[in-house]
Structures are given as C-alpha cells and as structure tokens.
Amino acid sequence: MGLTPKRRRRSAKQPGGVDYISALPDDLLLLILAGLGCTAAAARTSGLSRRWRGLWARLGDISLRDVAFESLAAVLSLVARPPASAISLLEIRVPRQNRRVPREHWPVREDVASLARVAARLAPEKIVLALPPKGSNPNPGDFHLPCFRRAVSILLEALPFVLRAPPAGGEFAALQTLRLLDCIVVDKELGALLSRCPRLRVLELRNKVTTWPGVRARRRVRSGTLQELVLHSERPWLSSVHIVAPMLKQLTMSFWAHKEATISVSASTMQKVSWRCSYAQNAIGFGLWSLHKLKLETAETPGQLPSLQIYAGNSSHTFSNQKANLANEIEKHRVVELSDMELHLSTAGHVFGALVLHLLQMKRIRSALRRLKVVRQSSPKKEACHANCPCEPSDWRTQIIALTALEEVGIYGFQGEDHEYDLLKLILGSAPMLRRMTVKLSHELSSTKDATRAKIHDLTAYSSVECLVYLG
C-alpha cells in the first residue's frame with residue numbers, strides 16, 4: 001500500500017503571494033520589534049521593505065548603547081515625538097572607546113546639552129544618559145539640566161560638568177527616582193534641584209572621582225517627600241553630612257572622613273539603615289588607638305539586633321582626650337538606636353582593655369547595649385609595651401561601669417594574657433543581666449587550651465552565666 005506524500009507547508013510568502021507578516025497591523029509589528037530587545041537591530045529591519053521602514057522609531061523603549069556620540073542627534077531626530085508616540089524608556093549609553101581619547105576630543109558641554117534637550121523634547125517616562133568615564137576634568141563648565149516634564153525616573157552617569165537646576169520655572173513634576181552617578185553636584189545646586197522635585201521618592205548620589213574644582217567637602221539633603229536615600233562618596237573627603245527628610249525610610253551611606261565630621265540626620269521614620277564611614281590614618285583616636293572605620297546596620301531579620309561595628313588599631317600617634325575624643329566621634333554616627341556592638345581591634349600586642357572600657361562608657365551605649373563582641377585580629381607584628389605605654393592607663397581595671405542591659409558577650413582571638421582576664425572580670429562585675437559568655441581561643445593557645453579554659457570557667461563559677469570556651 002503506497003503512502004500519500006505529505007502536503008508541503010506553505011511559507012509566509014510564496015513567490016507572487018502575500019507577505020502575511022508585513023500585513024499585520026502596526027501594533028503587532030511593534031511588539032515583534034520590541035521583542036528583539038535592541039533598538040539598533042529593530043532599526044535594521046527598515047531594509048526589509050517599505051512597510052517596515054521607520055517603524056522602529058515608534059517603539060516605546062528606545063535603547064541606544066552602541067551608537068557613537070556624534071551620531072546620536074541624527075538618530076534621535078528620527079524618533080517619533082509625542083503625541084504620535086509615547087516613549088516609556090529612552091536609554092543613551094555612549095560606548096567606550098577602545099583607545100584612549102585625547103581630552104580635546106571629549107564630548108563638549110554644548111553638544112551634550114543639545115543632546116539632552118533633544119531627549120527632553122521626546123518626553124520619555126524614564127531617561128538614562130551615560131557617558132563613558134573620562135577621568136578628572138580640570139575645568140568643568142556648568143550644565144543646566146533640561147526639564148523632563150513626564151520623567152518619573154532619571155539616571156545621569158559620568159557627566160563631566162557641574163550640574164545645575166533648570167532655569168526658573170522648570171520643574172520635574174512627575175519625577176520619583178533620581179540617580180546621579182559620578183556626576184559633579186555642589187550642595188547649593190542639589191538643594192535647588194530637589195526643590196523642583198515635589199514627588200521625589202528615591203535619590204542616589206555616587207561619586208568616585210578624586211577632586212573637582214568648586215566641590216565642597218560636605219553633603220546636604222533636604223526633602224519632604226524622600227523615602228530612600230543612597231549617598232556614596234569615596235572622594236573628596238566629607239567634612240559634614242546634613243540630612244532632613246521626615247519621610248525617609250531607607251538610608252544607605254558610605255563615605256570617607258579626613259578628620260572630625262559634623263553629622264546631622266533628621267529622619268524619624270527610618271526602618272532600614274546601612275551606614276559606613278572610613279577615616280584617614282591617625283585622624284581620630286584615643287590614647288594609642290586610631291579609628292579606622294565604622295559600620296552601622298539595622299536588623300535584617302526579626303529578632304536580630306541593630307549593630308554598630310567599630311574597627312580600630314594601634315597607631316604611631318598618641319591622642320589626647322582633649323584633641324580628639326573617640327567616643328564623641330562615634331556618637332555622631334548613631335543615627336538610629338542600637339543594642340549590639342562589635343569591636344574589631346588590631347592590637348599588635350598592646351593592652352586593649354582601656355579602649356573597650358572607654359567605648360562602653362558612652363552614655364547611649366552603656367544603657368542600651370545587649371550584646372558585645374570583641375574580635376582581637378591577628379597582627380603580623382607585635383610590639384612590647386614600655387612602662388608608661390599609652391595603651392594602658394593605670395586605673396582602668398578598677399573602674400566601675402553599669403552595663404544594666406548587657407546579656408551576651410563574645411571575645412574572639414583570646415590569647416590568655418593577664419589584661420584579657422582583667423577585662424573579663426570587669427565585664428562580669430558590671431553586667432547583672434549577663435546570661436552567656438563565649439570565648440574563642442587563639443590558635444596560639446592550642447597547647448594550653450585546657451588550662452586556659454579552666455581559668456576562664458573559674459571566673460564564672462559562682463554566677464549564673466553560661467560560659468562557652470573553645471579553640472578557634
């Protein structure tokens with residue numbers, strides 16, 4: 001019995017037949033182009049037939065990532081303008097050059113400003129304008145932002161000019177998210193810009209450049225609508241931070257301080273905080289100890305405690321209490337209440353009990369601290385303390401401190417030195433609510449771990465404190 005040959009499937013277009021795809025309505029063809037995920041690829045479909053020619057210019061999302069800067073204006077001139085088309089996203093990312101471009105060939109301010117004005121006339125809901133990083137510009141000119149009247153989100157990156165608010169009367173009435181990455185923003189102009197954003201919810205400022213002429217080492221943010229704020233500044237050093245945002249719920253800060261910082265945060269509704277500050281060498285200290293950095297984190301999960309982490313190490317410089325008070329400086333960074341403190345100390349063999357006591361005597365710490373963790377970090381070099389070493393004031397072992405809320409203590413890197421036992425005794429005698437003490441012994445005590453464990457247990461023998469001692 002012979003088999004009947006299968007009927008050949010007809011193609012979308014037979015010779016002399018109908019092009020069924022091109023016959024689809026514009027809305028469906030635009031969905032096909034949008035599915036390509038690339039505006040350049042969508043533009044190349046103009047070569048298929050007259051039906052497809054220029055159709056890409058009506059896409060809702062226009063993403064230009066591989067178009068040379070000098071060609072961008074011509075490309076944008078082809079994009080349909082409102083009301084013929086409503087652009088949801090206009091993304092312009094000027095590609096990096098494979099070779100180093102001389103400064104005289106960088107995009108000049110007038111050309112970038114002209115491009116921005118063309119983009120503003122397209123009235124996108126979301127705008128991204130990113131130039132490739134070019135390094136430091138010794139003479140940045142002013143760059144007045146055009147008014148993106150429909151924009152709910154604006155991202156500007158690596159614009160080597162001093163950003164200025166739009167001329168009088170210009171307002172970002174719909175703007176909810178503003179991100180300025182590696183841009184030059186002076187405080188006065190930032191204030192003027194924020195005053196033109198009556199609906200702003202998210203602000204992100206990130207700056208990694210070294211120095212910019214005219215940029216003051218301070219940051220002021222004032223907004224009555226802001227709910228999320230991200231400030232990241234590696235350079236220049238910040239001398240002051242002032243934030244007034246009564247609706248702020250989430251704050252992320254990361255900055256460097258050259259010396260004592262002025263910090264003021266007025267935001268009573270904050271729920272999530274990530275705060276990091278690094279200090280210049282020998283900028284802030286106490287006795288022999290220099291403050292390196294500190295971190296403040298709110299709880300991520302239920303039951304977790306807000307945490308303050310302090311990193312310090314011994315210094316070749318000796319600090320006097322009158323010149324730079326370590327505790328006073330740390331208090332400035334307590335923008336939320338906390339009950340958990342971690343001390344990470346590079347001791348180089350020095351006595352650190354006086355430093356711990358100095359920090360525990362901070363008023364807001366002393367009354368609220370529930371968990372204390374001291375990490376003695378390993379040091380490649382150890383120094384021998386002389387008779388009058390500033391690391392050990394003569395009276396720290398006999399001082400009395402009331403740690404009325406302290407419940408847990410952890411000492412990590414314990415080396416079995418006399419001053420470490422003295423610190424344990426001081427804490428045990430100062431914390432009536434203490435329930436648990438954990439001591440992690442240094443690897444150097446592997447041969448004497450049993451004797452060290454017994455000595456520590458003797459300290460808690462007549463108390464209700466649960467004591468766990470183990471070799472790290």
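Cut-offs and rules
- Per chain, the residues get numbers from 1 upward, laid out in the order the sequence is written.
- Residue-level local features of this predicted model are given only where pLDDT is at least 70; pairs of side-chain atoms are given and counted only at 80 or more, and the full residue set underlies all totals for whole chains, interfaces and linings.
- Derived side-chain values reflect all non-hydrogen atoms in the structure, with water molecules and hydrogen atoms excluded from consideration.
- Strands here mean DSSP runs of E at least two residues long; helices mean DSSP runs of H or I at least four residues long; both are numbered from the N terminus.
- For each residue, the accessible area found with a 1.4 Å probe, counting protein chains only, is set against the maximum for its type, and the residue is called buried under 20%, exposed over 50%, and partly exposed in between.
- Residue exposure ignores everything except the shown protein chains as possible cover, and the areas themselves are Shrake-Rupley values with a 1.4 Å probe.
- A pair of strands is labelled paired if DSSP reports no fewer than 2 bridges between them.
- The directions from the helix axis to the C-beta atoms form the arc being described.
- What makes a salt bridge here is a side-chain nitrogen of Lys or Arg within 4 Å of a carboxyl oxygen of Asp or Glu, nothing more.
- Only C-alpha atoms enter the line fits that serve as axes; for helices the fit covers just the stretch in contact. Angles between N-to-C directions range over 0 to 180 degrees.
- Should an angle lie under 35 degrees it is considered roughly parallel, over 145 roughly antiparallel, and from 65 to 115 roughly perpendicular; all remaining angles are considered oblique.
- Note on convention: near helix rotated counterclockwise from far helix by under a right angle means a left-handed crossing. Clockwise means right-handed.
- The contact criterion used throughout is that any non-hydrogen atoms of two residues lie within 4.5 Å.
- Any residue that is not Ala, Val, Leu, Ile, Met, Phe, Trp, Tyr, Cys, Pro, Asp, Glu, Lys or Arg is counted as polar, Gly included; the first ten are nonpolar and the last four charged.
- Stacked, tilted and edge-to-face are the three classes assigned to paired rings of Phe, Tyr and Trp, where Trp is represented by its six-membered ring and a pair needs centres within 6.5 Å; plane angles under 30 degrees give stacked, over 60 edge-to-face, the rest tilted.
- Whether a charge lies above a ring is judged from NZ of Lys or CZ of Arg, which has to be within 6 Å of the ring centre and within 35 degrees of the ring normal.

(A) Spatial organisation of the overall build of the chain. In terms of regular secondary structure, the chain is built from 10 helices and 21 strands. The buried share among the 472 residues of the chain stands at 47%. Accessible surface, the chain: about 24400 Å² in total, of which carbon and sulfur atoms supply 50%.

(B) Local environment of the pairing of strand β2 (residues 89-93). With four bridges joining them, strand β1 (residues 61-64) and β2 adopt parallel strand pairing. Looking at β2, one finds that Ile62 is bridged to Leu90. Bridge analysis of β2 against strand β3 (residues 126-130) gives five bridges, and the strand direction is parallel. Residue pairing for β3: Leu90 is matched across the bridge by Ile127.

(C) Quick look at unusual backbone geometry. Positive phi, normally seen in glycine, also occurs at Asn282, with a value near 60°. With respect to the helices, strands and loops of the structure, Asn282 is situated in the loop between β14 (272-279) and β15 (285-297). Although it is not a glycine, Ala348 adopts a positive phi angle of roughly 55°. For Ala348, the position within the fold is in the loop between β17 (340-346) and α7 (353-360).

(D) Expanded view of the environment of Lys425. Positionally, Lys425 belongs in helix α9 (residues 418-430). For Lys425, a relative accessible area of 48% gives the class partly exposed. Considering only alpha carbons, one finds Lys425 and Leu459, 34 residues apart in sequence, at a separation of 7.0 Å.

(E) Structural view of helix α1 (residues 26-35). All buried positions along α1 are accounted for by Leu29, Leu30 and Leu33. The buried side chains of α1 occupy one side of the element, clustering within an arc of 100° when seen end-on. Exposed residues pointing more than 90 degrees away from the buried face of α1 are listed as Asp27, Leu31 and Gly35. Trailing α1 by a residue or two, Gly37 shows a phi angle of about 70°, which is positive.

(F) Up close: the pattern of salt bridges. In the structure shown here, the tally under the stated rule is 28 salt bridges. One salt bridge in this structure joins Arg164 and Asp142, with 3.2 Å as the shortest N-O distance. Remark: Asp142 occurs in strand β4 (residues 142-144) and Arg164 occurs in strand β6 (residues 162-164); sequence separation between them is 22 residues. As a salt-bridge pair, Arg435 and Glu408 come within 3.9 Å of each other at their nearest N and O atoms. Within this pair, whereas Arg435 is found in the loop between α9 and β20 (436-441), its partner Glu408 is found in strand β19 (residues 408-414), the two being separated by 27 residues in sequence. We classify Arg435 as partly exposed; its relative accessible area is 39%. Taking relative accessible area as the criterion, Glu408 reaches 26% and is therefore assigned partly exposed. Within this structure, Arg370, Glu407, Glu408, Arg435, Arg436 and Glu466 form a network of salt bridges that share partners.

(G) Looking closely at the sheet that holds strand β11 (residues 240-244). The three strands lie next to each other as β9-β11-β13, forming an open sheet whose pairing is parallel. Only two strands of the sheet have a single partner each, and these edge strands are β9 (218-222) and β13 (262-266). Here the average twist between neighbouring strands, direction ignored, is 5°.

(H) Summary view of the packing of α9 against helix α10 (residues 449-459). Taken N-terminus to C-terminus, the directions of α9 and α10 make an angle of 25°; their axes are 10 Å apart at the nearest point. The angle between α9 and α10 falls in the class roughly parallel. Where α9 crosses over α10, the two elements pack in a sense that is right-handed. Contact with α9, carried on its side by Asp418, Tyr421, Leu424, Lys425 and Leu428, involves Thr452, Lys455, Ile456 and Leu459 of α10 and no other residues of that element. In terms of residue class, the contact of α9 with α10 is made up of five nonpolar, one polar and three charged.

(I) Quick peek at the packing of aromatic side chains. For the structure shown, the criterion picks out three aromatic pairs. Their ring planes at 15° and their centres at 5.8 Å tell us that Phe143 and Phe161 sit as a pair that is stacked. You can see Phe143 sitting in strand β4 and its partner Phe161 sitting in the loop between β5 (153-157) and β6, a full 18 residues away along the chain. Where Phe414 meets Tyr421, the ring centres are 5.2 Å apart and the plane angle is 80°; that geometry is what we call edge-to-face. Assessed through its relative accessible area of 0%, Phe414 is described here as buried. When its relative accessible area of 5% is taken as the criterion, Tyr421 is described as buried. The ring of Tyr412 carries the charged tip of Lys373 above its face, separated from the ring centre by 4.9 Å. Seen from the ring of Tyr421, Lys455 lies directly overhead, with NZ or CZ sitting 4.1 Å from the centre.

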